[in-house]
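# Fold and geometry: a report
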Amino acid sequence: MKDLIDILDLSLAEIDELIDVANDIIANPDNYREKCKYKKLATLFFEPSTRTRLSFEAAMYELGGNVLGFSEAQSSSAAKGESVSDTVRTVEAYADIIAMRHPKEGAPTVAAMKTQIPIINAGDGGHNHPTQTLTDLLTIKREVGRLDNLTIGLCGDLKFGRTVHSLIQAMVRYKNVKFIMISPKELKLPEYLIEEVLLKNKIEFVETESLDESMDKLDILYMTRVQKERFFNEADYVRLKDTYILTPEKLERAKDTMRVLHPLPRVNEISVEVDNDPRACYFRQAKNGKYIRMALIMKLLGIE
Ligand code: NCD
């Protein structure tokens, strides 16, 4: 495997191995401080980001490597009309590995075909976000202790939310995982995921508009923000953006062992009073993102 474009590029055994390495990094960070000495990571971000870009950069620094890149399309030659292919063919002369975020679905796939160095998809449009999924899997494993036998509620923008799309594709490979898809009608999961992933794999799922209805059954509640930047008109966004707001009262019916995840950034969908609840683990999740990216960078660079 040269690149990570889609979570399905990784087998379950490879995911287990990345999780094990991430846990070992958390336990023994000193063993990893020079693993990427003299290596360079380029972060090419054509779309806004806080956690994904900074956690990639922190990951590379903690491995003893260096980082270069840009954080907005406007400050790169894309603003002059350069193609993604030409950008990556240039960057491969300066870096050993690239993490790329792009508003166009499939851009990292094109990039990967044009260069010999590993490309990591750090989010492509409303499509996929495999390193967020690795972060989510590490978080679920650390918080709940298992990746099988789970009832997972996915709540919010299931149409445009790329983290949800990648997470579903990852989770259907584990035994006895059920989904409750909670969204307004307009933001339901795309048909291709229902047909090609859920039905094809005979996965148990329900679609509902109610967040309260199944609260007591969930092992994981994965909240997402309504993806403003993917809407065609502002009025629809405004009407839908506050459909779900998780509050301490709503959480009263949830199991003590349930965990609330959110890829972040949060807008209004989780009230800040929930943050102190021990079940809220989104900031721990953000931290896990750095460790799993350290494991991934080492794997793609072929470092033991
Ligand atoms: C997510 C993304 O970019 O898709 N953010 C992230 O990487 N943690 C989620 C979002 O932007 O809503």
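Scroll up a little and you will see the structure.
This text gives an overview of the structure that appears in the document. (Residues numbered from 1 in each chain as written. Predicted model: local features only at pLDDT ≥ 70, side-chain atom pairs only at ≥ 80, totals over all residues. Heavy atoms only, no water.)

### What to know about unusual backbone geometry
- Across the junction of L264 and P265, the peptide omega takes the value 5°, indicating a cis bond.
- Position of P265 among the secondary structure elements: in the loop between β9 (259-261) and α10 (282-300).
- Of note in this structure, N176 is not a glycine but carries a positive phi near 50°.
- Tracing the chain through its elements places N176 in the loop between α6 (162-171) and β6 (177-182).
- The class of N176 is partly exposed, set by a relative accessible area of 45%.
- A positive phi is found at K202, a non-glycine position, where the angle reads about 55°.
- Considering the arrangement of structural elements, one finds K202 in the loop between α7 (191-199) and β7 (205-208). (Helix = DSSP H or I, 4+ residues; strand = E, 2+ residues; numbered from the N terminus. Buried < 20%, exposed > 50% of the residue type's maximum accessible area, 1.4 Å probe, protein only.)

### Some thoughts on the side chain of D277
- Mapping D277 onto the fold places it in the loop between β9 and α10.
- A polar atom in the side chain of D277 sits 2.8 Å from the backbone nitrogen of R279. (Polar contact = N/O pair within 3.5 Å; in protein donor to acceptor, adjacent residues only side chain to side chain.)

### Focus: the packing of aromatic side chains
- Taken as a whole, this structure holds four aromatic pairs when the rule is applied.
- With a centroid separation of 5.2 Å and 80° between ring planes, the pair formed by F46 and F70 is classed as edge-to-face. Residue F46 is located in the loop between β1 (40-45) and α2 (51-62), and its partner F70 is located in strand β2 (residues 66-70); the two are separated by 24 residues in the primary sequence.
- In this structure F46 comes out as buried when scored by relative accessible area, which is 9%. (Phe/Tyr/Trp six-rings, centres within 6.5 Å; stacked < 30°, edge-to-face > 60°.)

### Observations regarding the pairing of β7
- Across four bridges, the pairing between β6 and β7 is parallel. Along β7, the bridge assignment pairs I182 with T208. (Pairing = 2+ DSSP bridges.)

### Notes on the site of the ligand
- In the vicinity of the ligand, the contacting residues are T52, R101, H129, Q132, R162, T163, R225, Q227, P263, L264 and P265.
- A distance of 2.8 Å separates an oxygen atom of the ligand from a polar atom in the side chain of Q227.
- In this structure, a nitrogen atom belonging to the ligand sits 3.0 Å away from a main-chain N or O atom of L264.
- Burial of the ligand by the protein amounts to 94% of the accessible area it has alone, namely 320 Å².
- Across the shell around the ligand, the residue classes tally to three nonpolar, five polar and three charged. (Near = heavy atom within 4 Å. Areas by Shrake-Rupley, 256 points an atom, 1.4 Å probe, with all protein chains shown as cover. Nonpolar A, V, L, I, M, F, W, Y, C, P; charged D, E, K, R; others polar.)

### What about helix α1 (residues 12-27)?
- The end-to-end C-alpha separation of α1 is 23 Å, in line with the 22 Å expected for 16 residues at 1.5 Å each.
- By the burial criterion, the buried members of α1 are I15, L18, I19, A22 and I25. Projection of α1 onto a plane perpendicular to its axis shows the buried side chains occupying an angular sector of 120°, all on one side. Pointing more than 90 degrees away from the buried face of α1 are the exposed residues A13, D20 and A27. (Expected span 1.5 Å × (residues − 1). Arc of directions from axis to C-beta.)

### Some points on the packing of α6 against α7
- Close contact between α6 and α7 brings their axes to 10 Å; oriented N to C, the two are set at 10°. Classified by the angle their axes make, α6 and α7 are roughly parallel. For α6 against α7, the interelement crossing comes out left-handed. Residues H165, I168 and Q169 of α6 form the contact with α7, whose participating residues are Y192, L193, V197 and L198.
- Residues belonging to the contact of α6 with α7 are distributed by class as follows: five nonpolar, two polar and no charged. (Axes fitted to C-alpha atoms, helices over the stretch in contact; angles between N-to-C directions. Parallel < 35°, antiparallel > 145°, perpendicular 65-115°, else oblique. Left-handed = near helix turned anticlockwise from the far one by under 90°. Contact = heavy atoms within 4.5 Å.)

### Describing the sheet that holds β9
- The parallel open sheet is built from five strands, whose spatial order is β7-β6-β5-β8-β9. Edge positions in the sheet fall to β7 and β9, since each of these pairs with one other strand and no more. The average undirected angle you get between the axes of adjacent strands in this sheet is 15°.
- Sheet topology note: the strand β5 (residues 150-155)/strand β8 (residues 220-223) ladder contains four bridges and is parallel. When the bridges of β8 are listed, L154 appears paired with Y222.
- Packed on one face of the sheet, α7 meets β6 and β7 and runs near 155° to β7.

### Section: the pairing of strand β3 (residues 97-102)
- Of all six residues in β3, six are buried, a share of seventy percent or more.
- Burial along β3 is two-sided: the residues I97, A99 and R101 and I98, M100 and H102 are all buried.
- In terms of strand pairing, β1 meets β3 through five bridges, oriented parallel. Counted as the bridge partner of F45 is R101 from β3.
- In the sheet, β3 pairs with strand β4 (residues 119-124) via four bridges, with the strands oriented parallel. Residue A99 lies in a different strand from β4, and its bridge partner there is I120.

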